Amino acid sequence: MQEEEQLQKVSKLFDDWAERGRADGMEKGHTPTARQAFELLKLQPGQHYLDIGCGNGYTVRWAAAIDPKVQALGMDVSERMVQQARQLSSDFPNTRFIHAPFPLPLLKAQTFDAIFSMEVFYYLPDLPWGIISAARLLKPGGLFACVVDYYQENEASHGWPEKLGIPLTLLSEQGWQNAMSDVGLEVLEQRRLFPPLSEGEEPDWKHEMGSLMTLARRP
């Protein structure tokens, strides 16, 4: 599949999910694990934050709520997701949203103190270039928290490309570490993130395998 075709398929998929109300469901479903990774970024007043593949913008609002001097930016390939993000974030003047695929060359190098991404990077047509581009955007000492559910050790996720009709990049835990290190990022931590198990809820792969979080820093 050509890169442009893949981007169009991903955009169409998430536009459809947004129109069917799944953006709110993704926020609710991802929040328990996304929040754990977000807190590791330790955002401070005056810092610049970027969420790559921001969906309805929930982590951008988290960042904006820390302090009015935080500049929080979200970007997403889905126009419908960005529309929802702007509507939901109208009370936060320190938020901004861009409808564009990542990487976006117009973003200035060494701009961001913290970059976050939840369930996005394995969709990128060129994953190594995506990680290089994220590293380019970080200030020296800036942090990148990348969370994925589609990874080699999580066999429950392996059927997703066929189900979605979109090629996805499958890496192991070590593979994600290597992908970060290969572009000069320093991997600080890698761990599985687990949501709480509600009373009466049957455990599934989210509780048994968890989301894979890799935290890296630009030296």
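Just above, that's the structure.
Presented here is a report on the structure given in the accompanying data block. Quick caveat: nothing in here was measured; it's all calculated off a predicted structure. Each chain has its residues counted from 1, running along the sequence as written. Thresholds applied to this predicted model are a pLDDT of at least 70 for local features of residues and 80 or more for the giving and counting of side-chain atom pairs; totals over whole chains, interfaces and linings are not thresholded and use all residues. Hydrogen atoms and water are omitted, and side-chain values are computed over all heavy atoms in the structure.

Here we look at the state of the cysteines
- By disulfide we mean two sulfur atoms from cysteines, separated by a distance within 2.5 Å. Per the stated rule, a full pass over the model turns up 0 disulfides.
- Sulfur of Cys146: no disulfide; nearest cysteine sulfur belongs to Cys54 and is 15 Å away.

Quick word on the side chain of Asp113
- Secondary structure elements are taken from DSSP: a helix is a run of H or I of four residues or more, a strand is a run of E of two residues or more, and numbering for both begins at the N terminus. Along the chain, Asp113 falls in strand 4 (residues 112–118).
- Exposure remark for Asp113: the relative accessible area of 16% places this residue in the buried category. Think of it in three bands: with a 1.4 Å probe and only protein chains considered, a residue is buried below 20% of the maximum accessible area for its type, exposed above 50%, and partly exposed in between.

Brief notes about the pairing of strand 1 (residues 48–52)
- Along strand 1, 4 of the 5 residues are buried, which leaves the element largely enclosed by surrounding structure.
- Across 5 bridges, strand 1 lies against strand 2 (residues 71–76) in parallel orientation. If you follow Asp51 over to strand 2, its bridge partner there is Gly74.
- A clockwise path from the first strand over the helix to the second, with the strands pointing away from the viewer, defines a right-handed crossover. Following the chain from strand 1 across helix 3 (residues 58–66) to the adjacent parallel strand 2, one finds a crossover that is right-handed.
- DSSP calls a pair of strands paired once it identifies at least 2 bridges connecting them. In this structure, strand 1 lies alongside strand 4, joined through 3 bridges in parallel fashion. Counted as the bridge partner of Leu50 is Ile115 from strand 4.

In short, geometric facts, not functional conclusions.
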